[in-house]
Structure formats: structure tokens, C-alpha cells
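# Tertiary structure, described
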Amino acid sequence: MIKLYNYQQKVVDETRDGLKKGEKGVLIVAPTGAGKSVILSEIARLGKEAMRRVMVLTDRAELLLSNGGTMQDFGLFPTMITSRQKYVYPDADVYLAMSQTLKRRMDQEVFQELCASVDLLIIDEAHKSEFDFFFQDKIKNIDGKTVKVTDLNKFFKPSCKIVGLTATPVRRGKQMQLADIYNRTVEAPTVKEIISMGKLSPCVEYVCESQSMDGVSTRSKGGELDYDEAQQFDVMNKSKVYGGIIKNWQKYTSDTITIAFCVNIDHAARMAKEFCEAGISAKFLCSKVPAGYEEFTGERDAIIEQWKSGEFQVLCNANIFTTGFNYPAIETVVFARHTLSSTLWLQAIGRGSRVCEGKAFFSLLDFGNNIERLQAYDADRVWSLTHKESKAGEAKYRECVQCGAYIPASSRKCTYCGYERPLTEKETVEIELVRYSKDSLSYEEMYKRLDWNNPRMIEMVRNARGYKVSWVIRTIVNEKSLKTYGAKYRAIFTYAQHRQKMKLASVKNPKYWTTKQLKMYGVEK
């Protein structure tokens with residue numbers, strides 16, 4: 001069985017303490033990568049051990065598989081409730097249910113009885129409104145209008161305890177208040193604290209002056225406000241933007257395992273194609289495949305396996321891998337979009353935050369200036385169980401100067417007369433990233449984690465910290481490591497060549513080579 005880290009055990013203990021003291025619902029808040037699946041599985045194990053019937057609710061296949069695997073490591077073999085399981089054994093101790101499937105089957109008596117018998121309900125990614133169905137009823141008020149009211153006992157008995165887990169307890173607009181379900185929060189340590197424990201990777205963040213979002217309207221999607229996808233695609237779907245993304249990737253994170261988050265399906269497909277045309281292997285995964293892009297995608301499991309095995313470097317997606325996808329080897333996160341959603345932002349960044357052997361840090365390339373709006377990866381955040389209701393933004397339009405028709409403000413081309421607005425000076429300038437000055441990679445943290453036998457990671461550190469090649473030569477004292485690095489990134493030199501050309505047989509440690517000696521060889525300064 002997996003042994004919990006001290007901070008994970010503390011979260012479990014505080015949650016149990018809250019439930020024992022009579023709290024109906026407890027919401028666990030832990031950063032992405034902090035091990036929510038482990039915490040969830042331990043709570044489920046303790047529930048079963050106490051002779052309680054446990055149900056875990058999740059909403060994505062990735063989460064279902066991830067949690068199922070972790071739960072088995074804790075000696076739990078839950079009965080699954082998915083679209084593939086037509087019959088469900090009614091006397092199991094632990095159930096793992098896809099919320100969509102359970103929702104569709106709640107008109108069946110067997111599932112009504114099953115839910116009514118649950119003693120402990122655990123909800124993963126509890127910030128999502130997907131789960132509100134189980135706690136809300138629709139009634140007509142005195143004006144005859146249909147309204148939603150909270151009913152925690154709609155399907156579950158009054159004594160049923162509820163534990164939710166999330167990295168981002170954020171809701172907006174008319175979504176149900178989290179406080180209607182949960183009475184208390186239990187917070188894990190912050191990102192900074194977990195990084196200092198060595199359980200999360202530090203992040204090197206790059207930002208740029210992004211494309212203007214003036215004229216792009218906002219829309220409510222799943223109750224959360226964000227930029228209109230179609231209009232944002234018009235802003236990002238430009239050759240200069242694609243060229244800037246690829247150029248900066250090559251400059252700062254070349255030859256890294258990369259996941260890219262795009263605006264929509266068309267954007268992810270075009271992004272993969274642009275990378276390939278630049279000589280960088282890439283593919284995309286989305287719920288649909290646009291015509292003409294079939295060669296850049298494939299069957300889901302096969303594509304993921306090819307990426308993990310190194311057959312291609314960049315995996316592009318749109319809203320597929322924001323939650324529940326765990327691949328610790330990811331070295332670079334490309335965020336090629338703008339967002340107003342702190343949930344989407346933090347979940348996407350979290351894909352690179354897992355610790356992996358030989359990985360000193362991960363890089364974040366922010367092409368939407370999101371750090372300015374939503375803060376950096378390791379910023380301290382204050383969470384709340386309540387939110388203010390807000391209305392979705394209205395669509396913005398402008399008048400076509402050629403024909404006078406009203407078209408979306410973000411669109412350059414008029415759909416009526418075909419007139420195309422000239423590019424502004426800002427739109428013709430290629431994107432240029434700069435390192436964010438407050439990112440989480442300190443020299444001490446980098447030095448402690450760096451694998452000096454990994455040339456790719458050494459080169460990432462050199463780029464991230466702005467070091468010259470001479471830093472590599474001075475720092476690597478192992479002959480084999482220097483040869484490996486030279487063969488991979490600086491083929492013009494090897495350890496032996498340095499000694500021969502500069503006649504430094506008496507100086508065995510490159511750390512002591514002088515600037516003059518380096519210049520004699522012609523090494524970049």
C-alpha cells in the first residue's frame with residue numbers, strides 16, 4: 001500500500017476530524033500534483049474499514065482510470081458504474097461512478113436505492129457544476145418561474161457525509177455555491193511549500209505582450225465566464241502568432257517533452273501542423289478531427305503512447321488534458337490562449353508540476369499574458385466557498401468600413417462584403433517571450449534537483465537562467481557528462497578536445513578554466 005506523505009496524512013486526519021465533529025461536508029483543497037488521488041483513496045479505505053458504504057463520483061475517463069489505479073494500490077477494488085457496465089452489483093462496499101452515467105440512471109429504482117444506502121460520498125474535481133444535479137431540485141416559485149433549490153437529500157440519506165477534492169474551489173455566475181454543500185475546507189500546503197518539500201517541480205515562466213483582446217466578448221460556459229472561443233481563435237489564428245510560438249519554443253525549450261493547450265479544436269490541429277512544418281514532431285488530440293488534418297492525429301491511446309515513447313515531442317489539445325492527466329515527465333507547458341478562468345489556468349500548468357527523476361524544473365510558455373490576470377504558478381491564493389453572481393458579457397460588434405454591416409469586433413474580415421481590415425503595427429510584430437522575474441526556480445532549488453548526466457535538462461537550465469556555454473564547461477566536472485552534453489548540443493567540443501587544444505593537462509577540473517583559455521578555444525561567451 002502507498003505510504004502517505006506527512007502533509008497528505010495531515011489532510012486526511014483534519015478531514016476525519018471535521019466529519020466526526022458533525023460537519024455534513026468537507027472540501028479538501030490541494031494544488032495540482034499534491035496527490036489528491038492518494039488522499040481520496042486513503043479516505044475511501046478508511047470509510048470501508050469503518051464498515052461504511054463508499055461512493056466516489058468523477059466526471060472524466062482520465063480521472064476514473066487514475067483513481068481506479070490508485071484505489072487498487074490501497075487494496076480497494078471498487079465496483080464501476082460506467083456506460084459499459086450494464087449491471088451493477090448492489091452489495092459492494094466501494095463504488096466508483098461516472099457522474100454522467102449515474103445521472104442518466106437515477107430514474108431506475110436500483111440506482112435510487114443504491115445512492116440512498118451510501119454512507120460516504122467522495123467527489124473528485126468538486127468545483128465542477130457537473131455534480132450539482134445530485135444536490136439540486138427544480139421547483140416553481142410564487143411567480144410561476146422554475147428555480148433551483150438546494151436539496152442535499154435528493155438522492156442521498158441525511159446521514160451521508162460528503163467529502164470533495166479540488167485544486168481550484170472557484171465558481172462563478174449562477175453556479176451553485178460550494179457553501180451549500182460543504183461546511184468546512186481543509187487546505188493542503190501551498191505550491192511553494194510543497195516545492196520546498198521536493199514533492200512538486202519549480203517552474204520557469206516566460207511571458208510576452210500578448211495579442212490584444214479588445215473587442216473579444218465573454219461567454220458563460222458551464223457557469224464560468226471566459227473569452228468567446230470563436231472570437232479568440234480569430235485573434236490567435238495568424239501566421240505571425242504560430243511563428244512566434246514555434247520560435248520561442250525552439251529558443252527556450254527545444255527538444256523537451258511538451259504539452260500545448262490551445263483555444264479550440266481547429267487551433268490545436270493547426271498548431272500541430274505548424275510545428276510539423278517547422279521540422280518539430282507534433283500531433284494533436286481532440287474530440288473531433290477537422291477535415292484535412294487526419295495525418296496529425298490518431299486513436300487516443302496510441303497517440304499518448306507514441307508521445308510518451310518519444311516518437312514525437314509536442315502534444316496539442318483543446319480542453320482534453322486540463323484535469324486528471326498525469327505524466328510526470330512533461331518538461332514544457334505551452335499555454336497558447338487567453339483565459340479568465342483561474343481553474344483552467346492552474347489545472348493546465350499543473351500538468352508539468354509533477355516530480356520526475358532527472359527533471360529539475362518545468363517551463364511554462366504563456367502566450368496569453370495570463371500571469372498578469374491570474375497570477376503565477378506558485379502565487380499564494382485565498383479560496384472561498386462562496387462567490388458573487390455575475391452575468392455573462394455581451395457580444396461586441398463593430399461596423400465594417402466598407403459595407404456598414406455589423407460584424408464581431410475581433411474579426412478582421414467582413415462576412416458580407418469580404419473586406420479585410422489591415423493589420424495594426426502590434427499585430428505584425430512576432431511574439432517575443434521574456435522570463436518572468438518572479439518564477440519559482442531559485443539557483444539553490446535548481447542545483448539541488450539537476451541531473452548532471454541529463455544534457456537536455458542542463459541545456460534547459462542554461463537557457464532558463466541566461467547562462468553562457470562557459471557555465472556548463474565550468475560546472476560539469478564529470479568527463480563523461482561533458483562529452484554527452486557536447487555531442488548533443490555543442491558538437492564542436494568535447495572534454496578531450498579542450499585539454500588538447502588549450503594544453504591544460506595539468507588542470508583536471510574545468511571549473512578553474514579562465515576566460516582567456518575559453519576564448520583561445522573560441523567557446524561562446
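A brief structural summary.

The rules behind these values
Residues numbered from 1 in each chain as written. Predicted model: local features only at pLDDT ≥ 70, side-chain atom pairs only at ≥ 80, totals over all residues. Heavy atoms only, no water. Core = buried A, V, L, I, M, F, W, Y, C linked by side-chain atoms within 4.5 Å. Buried < 20%, exposed > 50% of the residue type's maximum accessible area, 1.4 Å probe, protein only. Helix = DSSP H or I, 4+ residues; strand = E, 2+ residues; numbered from the N terminus. Contact = heavy atoms within 4.5 Å. Expected span 1.5 Å × (residues − 1). Pairing = 2+ DSSP bridges. Axes fitted to C-alpha atoms, helices over the stretch in contact; angles between N-to-C directions. Lys, Arg positive; Asp, Glu negative; His and termini not counted. Salt bridge = Lys/Arg side-chain N within 4 Å of Asp/Glu carboxyl O. Polar contact = N/O pair within 3.5 Å; in protein donor to acceptor, adjacent residues only side chain to side chain. Parallel < 35°, antiparallel > 145°, perpendicular 65-115°, else oblique. Left-handed = near helix turned anticlockwise from the far one by under 90°. Nonpolar A, V, L, I, M, F, W, Y, C, P; charged D, E, K, R; others polar. Right-handed = clockwise from strand over helix to strand, strands pointing away. Phe/Tyr/Trp six-rings, centres within 6.5 Å; stacked < 30°, edge-to-face > 60°. Lys NZ or Arg CZ within 6 Å of the ring centre and 35° of its normal.

## Regarding the nonpolar core
One finds Ile43, Met71, Ile122, Trp307, Phe321, Trp345 and Tyr377 to be the most contacted residues of the largest nonpolar core, which totals 63 residues. The dominant element in this core, judged by the number of residues it contributes, is helix 2 (residues 36-49), at six residues. Look past the residues within four positions of tryptophan 307 in its chain and what remains in contact with it is Ile257, Thr258, Ile259, Phe312, Gln313, Val314, Leu315, Phe325, Tyr327 and Ile330. Core analysis: the next-biggest nonpolar cluster, separate from the first, contains 51 residues, Ala272, Phe296, Met457 and Ile476 among them.

## Some details on helix 8 (residues 239-253)
Its 15 residues place the ends of helix 8 20 Å apart at the C-alpha level, agreeing with the 21 Å of an ideal helix rising 1.5 Å per residue. Where helix 8 terminates, the next one or two residues include aspartate 255, which has phi positive at roughly 65°.

## Some remarks on the sheet that holds strand 9 (residues 184-187)
A sheet is described by the order of its strands in space; here seven strands give the open sequence 3-4-2-5-8-1-9, paired in parallel fashion. Both outer strands of the open sheet, strand 3 (79-81) and strand 9, are each paired with one neighbouring strand and no more. Across the sheet, the mean angle from the axis of one strand to that of its neighbour is 20°, orientation sign disregarded. Bridging between strand 2 (residues 54-58) and strand 4 (residues 94-98) involves five bridges; their strand directions are parallel. In the sheet register, threonine 58 faces strand 4, and the bridge partner there is methionine 98. Across the sheet, helix 1 (residues 6-20) touches strand 1 (25-29), strand 5 (120-124), strand 8 (161-166) and strand 9, and the angle it forms with strand 9 is around 165°.

## What about the side chain of arginine 381?
Along the polypeptide, arginine 381 turns up in the loop between helix 12 (370-374) and strand 18 (397-399). Nearest to the buried, unbridged arginine 381 among oppositely charged side chains is aspartate 378, at 6.8 Å. Here alanine 376 takes part through its backbone oxygen, which lies 3.0 Å from a polar atom of the side chain of arginine 381. One polar contact links the side chain of arginine 381 to the main-chain carbonyl oxygen of alanine 379, over a distance of 3.2 Å.

## Focus on the environment of valine 355
Within the secondary structure, valine 355 is located in the loop between helix 11 (342-349) and strand 17 (362-366). Judged by relative accessible area, which is 37%, valine 355 ranks as partly exposed. When neighbours within four sequence positions are excluded, valine 355 is seen to be in contact with Gly198, Lys199, Leu200, Ser201, Pro328 and Arg449.

## Regarding the sheet that holds strand 14 (residues 282-285)
Overall, mixed pairing links the seven strands, which are arranged 14-15-13-16-17-10-20 in an open sheet. One side of each edge strand has no neighbouring strand; the edge strands of this open sheet are strand 14 and strand 20 (434-435). Here two bridges tie strand 10 (residues 203-207) to strand 20, and the two strands are oriented antiparallel to one another. Its bridge partner being in strand 20, valine 207 is matched across the sheet by valine 434. Across the sheet, helix 8 lies against strand 10, strand 13 (258-261), strand 15 (314-317), strand 16 (332-335), strand 17 and strand 20, angled at about 160° from strand 16, the strand it touches most.

## Considerations on the packing of helix 1 against helix 2
Remark: helix 1 packs on helix 2, axes separated minimally by 10 Å, with the N-to-C direction vectors making an angle of 45°. Taken together, the axes of helix 1 and helix 2 are oblique relative to one another. Remark: the crossing between helix 1 and helix 2 carries right-handed chirality. Contact residues: Gln8, Val11, Val12, Thr15 and Arg16 in helix 1; Val38, Ile39, Glu42, Ile43 and Leu46 in helix 2.

## Examining the packing of helix 8 against helix 9 (residues 265-277)
Viewed as axis vectors pointing N to C, helix 8 and helix 9 meet at an angle of 55°, and their least axial separation amounts to 10 Å. Classified by the angle between their axes, helix 8 and helix 9 sit oblique to one another. Pair helix 8 / helix 9 crosses with right-handed handedness. Taken together, the residues of helix 9 that come into contact with helix 8 (itself represented by Ser239, Tyr242, Ile245, Ile246 and Trp249) are His267, Arg270, Met271, Glu274 and Phe275. Among the residues forming the contact of helix 8 with helix 9, the class breakdown is six nonpolar, two polar and two charged.

## A word on the pairing of strand 17
Burial runs high along strand 17: five of the five residues are buried. The alternating pattern of strand 17 places Phe362, Leu364 and Asp366 and Ser363 and Leu365 on opposite faces, both of which are buried. Strand direction decides the pairing type here: strand 10 and strand 17, joined by five bridges, are parallel. Directly across from cysteine 203, in strand 17, lies its bridge partner phenylalanine 362. Where strand 16 lies against strand 17, four bridges are found, and the strand directions are parallel. Each residue of the ladder has a partner; that of threonine 332, found in strand 17, is serine 363. Once the chain exits strand 16 it traverses helix 11 before rejoining the sheet at strand 17, and the crossover so formed is right-handed.

## Here we look at the packing of aromatic side chains
One pass over the full model with this rule turns up 14 aromatic pairs. Relative to tryptophan 345, the ring of phenylalanine 335 lies with its centre 5.1 Å away and its plane at 85°, an arrangement referred to as edge-to-face. With phenylalanine 335 in strand 16 and tryptophan 345 in helix 11, the pair connects residues that are 10 residues apart, well separated along the chain. Both residues of the pair, phenylalanine 335 and tryptophan 345, count as buried. A network of ring pairs unites the aromatic residues Trp307, Phe321, Phe325 and Tyr327 as a single cluster. Positioned over the ring face of phenylalanine 133 is lysine 154, at 4.2 Å from the centre of the ring.

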